[in-house]
Amino acid sequence: MKQLLAILCICTLSICSAAQEKLSKTAIDRASLRCYYAFSKKKPTELKPYRVDTMVLDIGSELSRFYDPARLGRDSLIAAKMKNTDASIIKSISIFKGESSKDLSGMVGTVSSNAAEGESIQVFKSKKSNQLKILDYVGMGQRFLYMDSLDKMSWKVLPDTATIATYPSQKATLSFRGRDYIAWFTTEVPVNDGPWKFSGLPGLIVKIEDTKGLFSFQLVGLQQLPNPQLIQLDEKSSLKCTRAEFEKQKLKQGAGMQINFNAGDMIIAEIPGQVDYTPIEIE
């Protein structure tokens, strides 16, 4: 039994990110402003987005954090399931990876986490250092951390105006790592920030999308937090790498993993297939 539990811990350690964060995450700021964005993704050959997720941008005095709370919540359920399972009632553990992967969705007791559902990326922006820290992970693999810079965005502010999400906004354009973007920002929210890695305009970015219409972020809500919320960063459980190294891993990303526990028998399996990954950054 001890050997089986050791195998289980090794195979699930990296995917249970919420459990890891409880042990190793560090408070780095407090957010007083929370912005909600609809992030839609579309395939080049399709007319409608294949997925829309609600992302959150928490803005503090020194840092901000951009993340998908729904995805983190689903990952937390997996972590809780593993943590609360009584080891004394586990009779057997079976692990299926790679070519032996299988779909457990038809089995009673299955808890699943699909890498294609939601965004696992977390983007931390530092106002002082002008640096980004990116946390992300791939399927059942290790969580990765890489550094990036805010100095590489050369905006062109235009005179065009519009009302976006009830805010009077001004147009700006940007060429960034292989894609051209049209953005709208508002000086009524005087923060130098925006969704994903975007920032550097004299006001909050309320909408931005690439000119091919594949990726779009639009503000759908804004909340002043009466009780500032901690912005926390987990670096200790992450493997440091470069952006290029991470993108190579992302291209190999599987469809996720599933856990089934029934009558003392536990099955951990990768979902068959791979995610059809279209990177935002192509340079």
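Residues numbered from 1 in each chain as written. Predicted model: local features only at pLDDT ≥ 70, side-chain atom pairs only at ≥ 80, totals over all residues. Heavy atoms only, no water.

Asker: Talk me through the packing of aromatic side chains; I want residue IDs and the actual numbers.
Answerer: The way to describe two aromatic rings as a pair is by their centre distance and the angle between their planes. For the structure on display, the rule yields ten aromatic pairs. A ring pair is formed by Phe66 and Phe217, whose centres lie 6.0 Å apart and whose planes are at 65 degrees; its orientation type is edge-to-face. Here Phe66 is found in strand β3 (residues 63–67), whereas its partner Phe217 is found in strand β13 (residues 215–233), with 151 residues between them in sequence. Across this residue pair, the class does not change: Phe66 and Phe217 are buried. Here the aromatic rings of Phe176 and Trp196 are separated by 6.3 Å at their centres, their planes lie at 75 degrees, and the arrangement is edge-to-face. Within this pair, whereas Phe176 is found in strand β10 (residues 167–176), its partner Trp196 is found in the loop between β11 (179–186) and β12 (204–210), the two being separated by 20 residues in sequence. Trp196 gets classed as buried once you look at its relative accessible area, which sits at 5%. Here the aromatic residues Tyr37, Phe39, Phe66, Trp155, Phe176, Tyr181, Trp196, Phe198 and Phe217 are joined through ring pairs into a cluster of three or more. The ring of Tyr67 carries the charged tip of Arg65 above its face, separated from the ring centre by 4.1 Å. (Phe/Tyr/Trp six-rings, centres within 6.5 Å; stacked < 30°, edge-to-face > 60°. Helix = DSSP H or I, 4+ residues; strand = E, 2+ residues; numbered from the N terminus. Buried < 20%, exposed > 50% of the residue type's maximum accessible area, 1.4 Å probe, protein only. Lys NZ or Arg CZ within 6 Å of the ring centre and 35° of its normal.)

Asker: Which residues make up the sheet that holds β13, and what values do they have?
Answerer: With respect to topology, twelve strands assemble into an open sheet ordered β9-β10-β11-β12-β13-β1-β2-β3-β6-β7-β8-β14, the strand pairing being mixed. Bordering the open sheet on either side are β9 (156–164) and β14 (239–240), each of which pairs with just one other strand. Note: β10 against β11, seven bridges, orientation antiparallel. Each bridged residue has a counterpart across the sheet, and for Lys171 the counterpart in β11 is Trp184. In the packing of helix α4 (residues 243–250) onto the sheet, contacts are made with β7 (131–137) and β8 (143–149), and the angle to β8 comes to roughly 140 degrees. (Pairing = 2+ DSSP bridges. Contact = heavy atoms within 4.5 Å. Axes fitted to C-alpha atoms, helices over the stretch in contact; angles between N-to-C directions.)

Asker: Go over the pairing of β3 with me, naming the residues and quoting the values.
Answerer: Burial runs high along β3: five of the five residues are buried. Because side chains alternate across β3, one face comprises the buried residues Leu63, Arg65 and Tyr67, and the other comprises Ser64 and Phe66, equally buried. Sheet topology places strand β2 (residues 51–60) next to β3; four bridges connect them, and they run antiparallel. Residue pairing across strands places Leu57 opposite Phe66, the latter belonging to β3. Where β2 folds back on β3, the antiparallel hairpin that results is connected by two residues. Relative to strand β6 (residues 122–126), β3 runs antiparallel, the two sharing four bridges. Of the residues in β6, the one forming a bridge with Leu63 is Ser126.

Asker: Describe the pattern of salt bridges, with residues and values.
Answerer: Following the criterion strictly, the structure yields eleven salt bridges and no others. With a closest N to O distance of 2.7 Å, Arg34 and Asp58 form a salt bridge. Linking Arg34 in strand β1 (residues 26–41) with Asp58 in strand β2, this pair joins segments that are 24 residues apart in sequence. Overall, the relative accessible area of 2% leaves Asp58 in the buried class. Through salt bridges with shared partners, a single ionic network connects Asp148, Arg177, Lys197, Arg243 and Glu281. (Salt bridge = Lys/Arg side-chain N within 4 Å of Asp/Glu carboxyl O.)

These results come straight from atomic positions and should not be treated as a statement about function.
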